[in-house]
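# An overview of the molecular structure
The residues making up each chain are set out below.
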Amino acid sequence: MVKAIRVYQHGGPEVLKWEDVEIGEPKEGEILVKNQAIGLNFIDVYFRKGVYKPPSLPYTPGMEAVGVVKAVGPGLTGRAVGDVVAYAGNPMGSYAEEQILPADNVVPVPSSVDPIVAASVMLKGMTAQYLLRRCFKVEPGHVVLIHAAAGGTGSLLCQWANALGATVIGTVSTKDKAAQAKEDGCHHVIIYKDEDFVARVKEITSGSGVHVVYDSVGKDTFQGSLDCLRVRGYMVSFGQASGLPEPVPLAALGVKSLFLTRPTLMQYNGTRDELLESAGELFANIAAGTIKVRINHKYPLSDAAQAHADLESRKTTGSVVLLP
């Protein structure tokens, strides 16, 4: 038996229960991993609330972790007991001391990257990689708008977009977060509670607008994000922290020939090669110092409910990790 967080019904942070669970042995193509650190992500909140539906109830949340291989399934090659590995995405279930994973879903963690750093950045970092490098390919001269610029994914997007040569505009909620966003490479920071971000973006861009908006906030920013785009701009809606946006009439995109996409990491890392390329580029940027990971909060795994409450109430910045 090992300890894990279990969820029996959708609701607030209080539905996260710390319990004993039976793990079993890895089957063919699987490995058993003893988790060293677990990443907390907003997608965990969406599943807990029922915005996204888990495969079944009860379930163990969590979609990101780093650990040491404890056992391998029969006939498996390429993974060995003692390997340090990371995963992000499916299957759900990382809020546990140990978990069984498909061997093809994990990537080796290079010795140049600290395991806790890797656990905090796999999902957010590979999200940043596909958003900036594949979904809309950011290049020198582009002007980008990043909402929640001081959040876990936002912090990485700002640093990476800056390194790619873009002019980076970020929105945040407080002066402290504004200072962090500046450090992370934002050329212009907008405190959206104090000023109208649409008007400021138009001012910063001399009325022409931005090439791309990366919007993880959703309902509260969606229409404003569309208004910030230049002709043929890209609206990349990759989250909905404030709720689902209202439906968009197709004609609204036609006004400026806009592109609108709602991408997910799982579909951009759909093959083993895509996964390895994405993780490899992420780890290389961390090792080179291009991306500095801010792990500003660590909680015991047993305190996952408190971590969720703090994340939802915007008390956290950067990445949050849970330690078994």
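All values reported here derive from a predicted model rather than from experimental measurement.

## Brief notes about the environment of Phe 136
Positionally, Phe 136 belongs in the loop between α2 (115-135) and β8 (143-146). Taking relative accessible area as the criterion, Phe 136 reaches 9% and is therefore assigned buried. Considering only alpha carbons, one finds Phe 136 and Met 235, 99 residues apart in sequence, at a separation of 9.4 Å. Apart from the residues within four sequence positions on either side, Phe 136 is in contact with Leu 131, His 142, His 211, Val 212, Tyr 214 and Tyr 234.

## Examining the packing of α2 against helix α9 (residues 272-287)
Direction vectors running N to C along α2 and α9 enclose 110°, while the axes themselves pass 9 Å from each other. When the axes of α2 and α9 are compared, the pair comes out roughly perpendicular. Together, Val 117, Ala 118, Val 121, Met 122, Gly 125, Met 126, Gln 129, Arg 133 and Arg 134 of α2 and Glu 274, Leu 275, Ser 278, Ala 279, Glu 281, Leu 282, Phe 283 and Ile 286 of α9 make up the contact between the two elements. Class assignment of the residues belonging to the contact of α2 with α9 gives a composition of 10 nonpolar, three polar and four charged.

## Description of the domain arrangement of the protein chain
What the domain assignment lists for the protein chain is domain 1 (2-122 + 295-322) and domain 2 (136-262). For domain 1 and domain 2, the distance between their C-alpha centroids amounts to 29 Å. Counting from both sides, the interface comprises 11 residues of domain 1 and, opposite them, 13 residues of domain 2. Both sides together, the interface formed by domain 1 and domain 2 hides about 850 Å², and carbon and sulfur atoms give 47% of it. In this assembly, domain 1 and domain 2 are joined by zero salt bridges. On the surface where domain 1 and domain 2 come into contact, there are six residue pairs in polar contact (both at pLDDT 80 or more). Residues that form the side of domain 1 that touches domain 2 fall into these classes: five nonpolar, five polar and one charged.

About the criteria used
- Residues numbered from 1 in each chain as written.
- Predicted model: local features only at pLDDT ≥ 70, side-chain atom pairs only at ≥ 80, totals over all residues.
- Heavy atoms only, no water.
- Helix = DSSP H or I, 4+ residues; strand = E, 2+ residues; numbered from the N terminus.
- Buried < 20%, exposed > 50% of the residue type's maximum accessible area, 1.4 Å probe, protein only.
- Contact = heavy atoms within 4.5 Å.
- Axes fitted to C-alpha atoms, helices over the stretch in contact; angles between N-to-C directions.
- Parallel < 35°, antiparallel > 145°, perpendicular 65-115°, else oblique.
- Nonpolar A, V, L, I, M, F, W, Y, C, P; charged D, E, K, R; others polar.
- Domains from an automatic or database assignment.
- Buried area = accessible area lost by both parts, 1.4 Å probe.
- Salt bridge = Lys/Arg side-chain N within 4 Å of Asp/Glu carboxyl O.
- Polar contact = N/O pair within 3.5 Å; in protein donor to acceptor, adjacent residues only side chain to side chain.

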